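# Per-entry structural report
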Amino acid sequence: MLSLQSLSKTYADGTRALEAIDLAVPNAEIVALIGGSGCGKTTLLRLVAGLDRPSAGRIALDGEPITGPHPGVGLVFQEPRLLPWLDVAANVGFGVSDLPRRERAERVAHALERVGLAEHAGRWPRELSGGQQQRVSIARAFVANPRVLLLDEPFSALDAFTRKDLHRHLLALWEEVRPTVLIVTHDVSEAVALADRAIVMRPKPGRLDESVALPLRRPRDPAAPASEAATRTILGALDRSLRPRDAARTPELAGGSSF
Amino acid sequence: MSGPTVLLTDAAPAKAASTRRSALLGGGGRALLGLLLPLLLAGAWEIAVASGFATGRLLPPPSRIGAALWSLAASGELWTHVAATLIRVGLGFAFGAGAGILFGALTATLPPLRWLLDPSLQALRAVPSLAWVPLFILWFGILETPKVALIAVGVFFPVYVGVAGAIASVDRKLVEVGRIFRLSPLALARRILLPAVLPATLTALRTGLGLGFLFVVAAELMGASEGLGYLLVDGQQFSKPDQILAAIISFAVVGKLADTALVTLTSPLVRWQDTARETL
Ligand SMILES: Nc1ncnc2c1ncn2[C@@H]1O[C@H](COP(=O)(O)OP(=O)(O)O)[C@@H](O)[C@H]1O
Ligand SMILES: [Mg+2]
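Attention in this report is confined to the structure presented alongside it. Computed from a predicted model, the values in this text were never measured in an experiment.

## With respect to the pattern of salt bridges
A pair can form between side chains of opposite charge whenever their charged atoms are brought close. With the rule as written, the count across this model stands at 23 salt bridges over all chains. Among the ionic pairs, Glu176 of chain A bridges to Arg114 of chain A, the shortest N-O distance being 2.4 Å. In this pair, Glu176 of chain A is assigned in helix H5 (residues 160-177) and Arg114 of chain A in helix H3 (residues 101-114), connecting sequence segments 62 residues apart. Residue classification places Arg114 of chain A among the partly exposed residues on the basis of a relative accessible area of 35%. Salt-bridge contacts for Glu176 of chain B lead to Arg172 of chain B; the nearest nitrogen and oxygen are separated by 2.8 Å. With a gap of four residues between them, Glu176 of chain B and Arg172 of chain B both fall in helix H7 (residues 172-180), about one helical turn apart. Exposure remark for Glu176 of chain B: the relative accessible area of 3% places this residue in the buried category.

## Considering the site of ligand 1
All names here are of chain A. Around ligand 1 sit Tyr11, Asp13, Thr15, Ala17, Gly36, Ser37, Gly38, Cys39, Gly40, Lys41, Thr42 and Thr43, and those are all the residues in its vicinity. Thr42 places a polar side-chain atom, nitrogen or oxygen, 2.7 Å from an oxygen atom of ligand 1. Protein chains shield 61% of the accessible area of ligand 1, which is 560 Å² for the free molecule. For the shell around ligand 1, the element with the highest residue contribution is helix H1 (residues 41-49), accounting for three residues. The residue makeup of the shell around ligand 1, split by class, is three nonpolar, seven polar and two charged.

## Points about the packing of aromatic side chains
Taken as a whole, this structure holds eight aromatic pairs over all chains when the rule is applied. On the numbers, 6.1 Å between centres and 70 degrees between planes, the contact of Phe94 of chain A with Phe181 of chain B is edge-to-face. With Phe94 of chain A in the loop between helix H2 (88-92) and H3 and Phe181 of chain B in the loop between H7 and helix H8 (185-221), this residue pair bridges two chains. By the burial criterion, Phe94 of chain A is buried, and Phe181 of chain B matches it. Arranged with centres 5.6 Å apart and planes meeting at 10 degrees, the rings of Phe156 of chain B and Tyr160 of chain B form a pair that is stacked.

## Overview of the packing of helix H6 (residues 144-168) of chain B against H8 of chain B
Residue and element names in this part refer to chain B. Relative to each other, H6 and H8 sit at 160 degrees, their axes nearing to 8 Å. Relative to H8, the element H6 is oriented roughly antiparallel. Where H6 crosses over H8, the two elements pack in a sense that is right-handed. Looking at side-chain class alone, the contact of H6 with H8 contains 17 nonpolar, six polar and two charged residues.

## With respect to the pairing of strand S7 (residues 148-152) of chain A
Residues and elements named next belong to chain A. Among the five residues of S7, five are classified as buried, and the element is accordingly described as predominantly covered. Burial of the side chains of S7 extends over both faces: Val148, Leu150 and Asp152 are buried on one face and Leu149 and Leu151 on the other. Sheet analysis places strand S6 (residues 73-76) next to S7, joined by four bridges and oriented parallel. From the neighbouring strand, Leu75 faces S7, where its bridge partner is Leu150. Each parallel crossover has a hand, and for S7 linked through H5 to strand S8 (residues 180-185) it is right-handed.

Thresholds, definitions, all that
- Residues numbered from 1 in each chain as written.
- Chains lettered and ligands numbered in written order.
- Predicted model: local features only at pLDDT ≥ 70, side-chain atom pairs only at ≥ 80, totals over all residues.
- Heavy atoms only, no water.
- Salt bridge = Lys/Arg side-chain N within 4 Å of Asp/Glu carboxyl O.
- Helix = DSSP H or I, 4+ residues; strand = E, 2+ residues; numbered from the N terminus.
- Buried < 20%, exposed > 50% of the residue type's maximum accessible area, 1.4 Å probe, protein only.
- Near = heavy atom within 4 Å.
- Polar contact = N/O pair within 3.5 Å; in protein donor to acceptor, adjacent residues only side chain to side chain.
- Areas by Shrake-Rupley, 256 points an atom, 1.4 Å probe, with all protein chains shown as cover.
- Nonpolar A, V, L, I, M, F, W, Y, C, P; charged D, E, K, R; others polar.
- Phe/Tyr/Trp six-rings, centres within 6.5 Å; stacked < 30°, edge-to-face > 60°.
- Axes fitted to C-alpha atoms, helices over the stretch in contact; angles between N-to-C directions.
- Parallel < 35°, antiparallel > 145°, perpendicular 65-115°, else oblique.
- Left-handed = near helix turned anticlockwise from the far one by under 90°.
- Pairing = 2+ DSSP bridges.
- Right-handed = clockwise from strand over helix to strand, strands pointing away.

On their own, these measurements won't tell you what the molecule is for.
Structure below.
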């Protein structure tokens, strides 16, 4: 269980990026965070990853407080952030350098196979396309077997075909390790394709707004009526999140809505 | 449907021919073309002197320069001078580059030290290095110390600026990758900072080495009993332009060889970058 309790972040310049975030994510759940830019999505992931410290509130993973980068928490950045001086295999193995060489090589090879890059193990990052680079960075996060995997708009720079392909790879890896996943996206169809729950965020200060449960079977068909209904529900929630707070009804996170 | 097919078969051999042509010019062909002009000029001058159109007293023809080089080399004199020059450059480079890397790394990573030292170093950098010569002679006499000191000063500044700049511009995003995987400060320095600053550092070292050769000439011109610079002065005093040109050619060859050695020795470290350059 990943739990955030009245989590707030105010930056040094006074920007209230997040205010009083409460969220509990059971193990192996996939949660999509949706919202326009400036909602504090990146800030939220950076706090959970331990890269920044919250101004108030606490984060705990299975009861253990998170106060800095944690071995159980992996992060895939918005950009691939591969190390250009390491080949693909070494990039994937970057976070598990303390493993014995044999086991490390096996895990790297397995992860590369999972993301469909087995034949590119010896290449330099700059010889890969953007989609391939992002697959390497996802493999790098998975190789460390995280209990919580955070993904910050990992596919936003990619075309629709590549994105769909990566959804497939991501779900395949998830099936294997079954980590808790927090994925930030501004693409509603991405949330419907991947998540068990979508949470809409609103800005200034960043807060969690409505939550939509997505109890759809996998693999999911984006054209199925259930997916289309879910998409409409999330779009409606997004719409309401853009209205001034007191004018709209305020269904707090607690109950959440299903569709 | 047949139109485009015919076009294609027509185009294919033409394309192959053009790639063949550019391959020829791209490899040895281009190098030969670059040699053409100097060889032509040298040949023309040789003929002009040989046929009496010019005396070649102030600018000796290639054959006389070659003969001067040959006799210097055969007597072993040339190697003494080359060795003396190389030792000076080597020592000056070692001291200057060592200090440059040390100070660059310290000021870039420790802000208080940067605020303390960098303004003074930048002020010193504004002084043309040759202006130190009289002072160095007063301080250190005229033997090896002032020469090595001058070369070291010349090497220090580009290396200092290059290393400090490289460290300051390390991508914070890559550092965060190291933090996510909980690298210790030492591991972070070794696995992220060091490889990230290596290319710029090597470029700075190369610039430094080039300046080392620039300043060894100045140092040897200020008085030396051996070294390629000594050959220059000696050639001027005894009016031996062939010896001067032989020394200049030796400088060029030795400098180029030293640069090539530095690049060759360090290129495995930045192999990942070279592939990028190839594809540009
Ligand atoms: N390092 C920072 N310093 C000051 N303000 C920041 C910083 N990072 C983000 N912000 C501000 O915090 C708010 C939320 O940013 P962010 O978490 O990046 O949003 P999102 O990822 O949803 O687009 C924005 O208003 C942004 O300008
Ligand atoms: Mg963001």
